[in-house]
Amino acid sequence: MNERNETRLERADRNFGELLQELRVIQTGVQFLFAFLLTLAFTQRFPSLDTTQRATYLTTLLLTVVAAALFTAPAAVHRVLFHLGAKEQIVRVSSRLAAYGMTALVLALTGSVLLVVDVTVGRGGGIAAGAGTFVVCAGLWGLLPRLLRHSLLRRPTAPAAEQEPASPERRP
């Protein structure tokens, strides 16, 4: 038992439910991005893209597919393993898949912004906007959570109701 009075399996069930909620939010954005990218190839302006813009487009499209695959993989892992009593392993693997998906999504968003701004404003603007997108996403999704985690771990003691044991992949 822990501070929440839940067993390891109850905690794993809760953690998996929370992870699925997070993935539902992210998945919608990935689907919109993927749909946008798919339609781009069929616009009148697409044939006028230069080699760099086409390479950016294809790379971004593929990164979006990778992100979508990584974000939906936890459902497949759960579907195959749920009846084997492997919930803790499912949560651990699914959390890693989601983290890799976030990495692919950062790169896909960066590529999308780079491409659109490159086509509309120019290469320099595209590179600047893409770099800005990368910095903002990496900062909010990577750096900010780590800074918050670091400050929470340095606190003398958190109230018992707020403490939760770190998962294996998140331990310092």
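Residues numbered from 1 in each chain as written. Predicted model: local features only at pLDDT ≥ 70, side-chain atom pairs only at ≥ 80, totals over all residues. Heavy atoms only, no water.

Some words on the overall build of the chain
Within the chain, the regular secondary structure consists of 4 helices and 0 strands. For the chain, the succession of helices and strands along the chain, N to C, is α-α-α-α. Of all 172 residues assigned to the chain, the portion counted as buried reaches 31%. Long-range contacts, defined here as pairs at least 24 residues apart, represent 70% of the contacts in the chain between residues at least 6 apart. Summed over its atoms, the accessible surface of the chain is roughly 10,800 Å², and 66% of this surface lies on carbon and sulfur atoms. (Helix = DSSP H or I, 4+ residues; strand = E, 2+ residues; numbered from the N terminus. Buried < 20%, exposed > 50% of the residue type's maximum accessible area, 1.4 Å probe, protein only. Contact = heavy atoms within 4.5 Å. Areas by Shrake-Rupley, 256 points an atom, 1.4 Å probe, with all protein chains shown as cover.)

Description of the confidence of the model for the chain
Parts of the prediction with low pLDDT should not have their coordinates interpreted in detail. Mean pLDDT for the chain: 88, with 90% of residues reaching 70 or above. Here residues 165-172 scores under 50 on pLDDT; set against residues more than four positions off or in separate chains, the count is 12 contacts. (pLDDT = per-residue confidence, 0-100.)

What to know about helix α1 (residues 8-40)
The end-to-end C-alpha distance of α1, which contains 33 residues, comes to 47 Å, matching closely the 48 Å that a straight helix rising 1.5 Å per residue would cover. Among the residues of α1, those classed as buried are R11, A12, R14, F16, L19, L23, I26, Q27, V30, L33, L37 and L40. In this structure, the buried side of α1 is in contact with α2 (51-81) and α3 (87-120). (Expected span 1.5 Å × (residues − 1).)

Some thoughts on the pattern of salt bridges
With the rule as written, the count across this model stands at 6 salt bridges. D50 is the salt-bridge partner of R123, the closest N and O atoms lying 2.7 Å from each other. Residue R123 is located in helix α4 (residues 123-154), and its partner D50 is located in the loop between α1 and α2; the two are separated by 73 residues in the primary sequence. Given the relative accessible area of 33%, R123 is considered partly exposed. For R123, the salt bridge is made with D118, and the minimal N-O distance between the two is 2.9 Å. Salt bridges sharing common partners tie together E6, R14 and E18. (Salt bridge = Lys/Arg side-chain N within 4 Å of Asp/Glu carboxyl O.)

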